[in-house]
Amino acid sequence: MAYLENHQLYYKKSCPFCVKVLRFMEDNKITLDLRNTLEPGIQDDLVRIGGKKQVPCLVIDGKALYESDDIIAYLRTHVG
């Protein structure tokens, strides 16, 4: 199982694009810090980091990466 340090995934359970990323992570045994934007203060953190509320958002060393396909492509190339 691969754990990615300095990576956080901001997501919402009701978002189909988030589910797509989470399913990819599960299928490939990838773990990282998950941040549910429905929990108090988490969405504010996301806006502070990336400037918008859009999910899914993978934060890599403080930089925001949006779009489920781009996130999956990043994970595919960085987890081997």
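What counts and how
Just so you know, the residues in each chain are numbered from 1, in the order the chain's sequence is written. In view of the model being predicted, local features appear only for residues whose pLDDT reaches at least 70, and side-chain atom pairs are presented and counted only at 80 or more, with totals across whole chains, interfaces and linings using the full set of residues. Working from all heavy atoms in the structure, the side-chain values ignore hydrogens and water. Helix and strand labels come from DSSP, where a helix needs a run of H or I of at least four residues and a strand needs a run of E of at least two; each type is numbered from the N terminus. All radius of gyration figures rest on C-alpha atoms, and the globule criterion is 2.2 Å times the number of residues raised to 0.38. The rule is simple: take the accessible area with a 1.4 Å probe, protein chains only, and divide by the maximum for that residue type; under 20% is buried, over 50% is exposed, in between is partly exposed. Here a helix's expected span is defined as the number of its residues, less one, multiplied by 1.5 Å. Regarding the arc, it is the one traced by the directions from the helix axis to the C-beta atoms. In this analysis, two residues are considered to be in contact whenever any of their non-hydrogen atoms come within 4.5 Å of each other. Two N or O atoms count as a polar contact when they lie within 3.5 Å, although within protein this holds only if one can serve as hydrogen donor and the other as acceptor, and sequence-adjacent residues are included solely when both atoms are side-chain atoms. Salt bridges, as used here, are contacts in which a Lys or Arg side-chain nitrogen is within 4 Å of a carboxyl oxygen on Asp or Glu. Each pair of strands is called paired provided DSSP finds at least two bridges between the two strands. Simply put, an axis is a line fit to the C-alpha atoms, just over the touching stretch for a helix, and the angle between two N-to-C directions goes from 0 to 180 degrees.

Trainee: Quick question: what am I supposed to make of the overall build of the chain here?
Mentor: For the chain, the count of helices and strands is 3 helices and 4 strands. When its helices and strands are written in sequence order, the chain yields β-α-β-α-β-β-α. For the chain, the C-alpha radius of gyration of 12 Å lies close to 12 Å, the compact-globule estimate for 80 residues. Based on the C-alpha atoms only, the size of the chain along its principal axes is roughly 30 × 25 × 20 Å. The burial tally for the chain puts 36% of its 80 residues in the buried class.

Trainee: How should helix H1 (residues 16-27) be read in this particular structure?
Mentor: Side chains of residues three or four places apart in an α-helix project in the same direction, reflecting 3.6 residues per turn. In this model H1 runs 16 Å from its N-terminal to its C-terminal C-alpha over 12 residues, within 8% of the 16 Å that 1.5 Å per residue would give. What H1 keeps buried is the set Cys-18, Val-21, Phe-24 and Met-25. Seen along its axis, H1 keeps its buried residues to an arc of 125°; they face one direction. Residues of H1 that are exposed and point over 90 degrees away from its buried face: Pro-16, Arg-23, Glu-26 and Asp-27. At its buried positions, H1 is contacted by strand S1 (2-11), strand S2 (30-36) and helix H3 (68-79). Of the residues trailing H1, Lys-29 is marked for its positive phi of about 55°.

Trainee: Just checking my understanding: could you explain the side chain of Asn-36 for this structure?
Mentor: With respect to the element layout, Asn-36 can be found in strand S2. The buried category is assigned to Asn-36, whose relative accessible area is 10%. Separated by 2.9 Å, the side chain of Asn-36 and the backbone nitrogen of Leu-38 make a polar contact. Sequence-distant contacts of Asn-36, that is, excluding residues within four places in its chain, are made with Tyr-11, Lys-12, Lys-13 and Ile-42.

Trainee: Is there a simple way to explain the pattern of salt bridges in this structure?
Mentor: Between side chains of opposite charge, a pair can form when the charged atoms approach closely. Across all of its chains, the model carries 2 salt bridges by this definition. With a closest N to O distance of 2.5 Å, Asp-69 and Lys-20 form a salt bridge. A residue pair is termed long-range when its members are at least 10 positions apart, and Asp-69 in helix H3 and Lys-20 in helix H1 qualify at 49 residues. Between Asp-45 and Arg-48 there is a salt bridge, with its nearest N and O atoms 2.3 Å apart.

Trainee: Looking at this model, I keep getting lost on the sheet that holds S1. Mind explaining?
Mentor: Either a parallel or an antiparallel arrangement is found when strands of a sheet pair, and the pairing is made through backbone hydrogen bonds. Sheet architecture is open: 4 strands sit in the order S2-S1-S3-S4, paired in mixed fashion. Each edge of the sheet is formed by a strand with only one pairing partner; in this case those strands are S2 and strand S4 (63-66). Here the strands of the sheet are splayed against their neighbours by 35° on average, with no regard to which way each runs. With 6 bridges connecting them, S1 and S2 associate as parallel partners. Counted as the bridge partner of Tyr-10 is Arg-35 from S2. Contacts between helix H2 (residues 42-50) and the sheet are confined to S1, S2, strand S3 (57-60) and S4, with S1 contributing the most and set at about 105° to the helix.

So, to be careful, I would describe these as geometric facts and stop short of saying anything about function.
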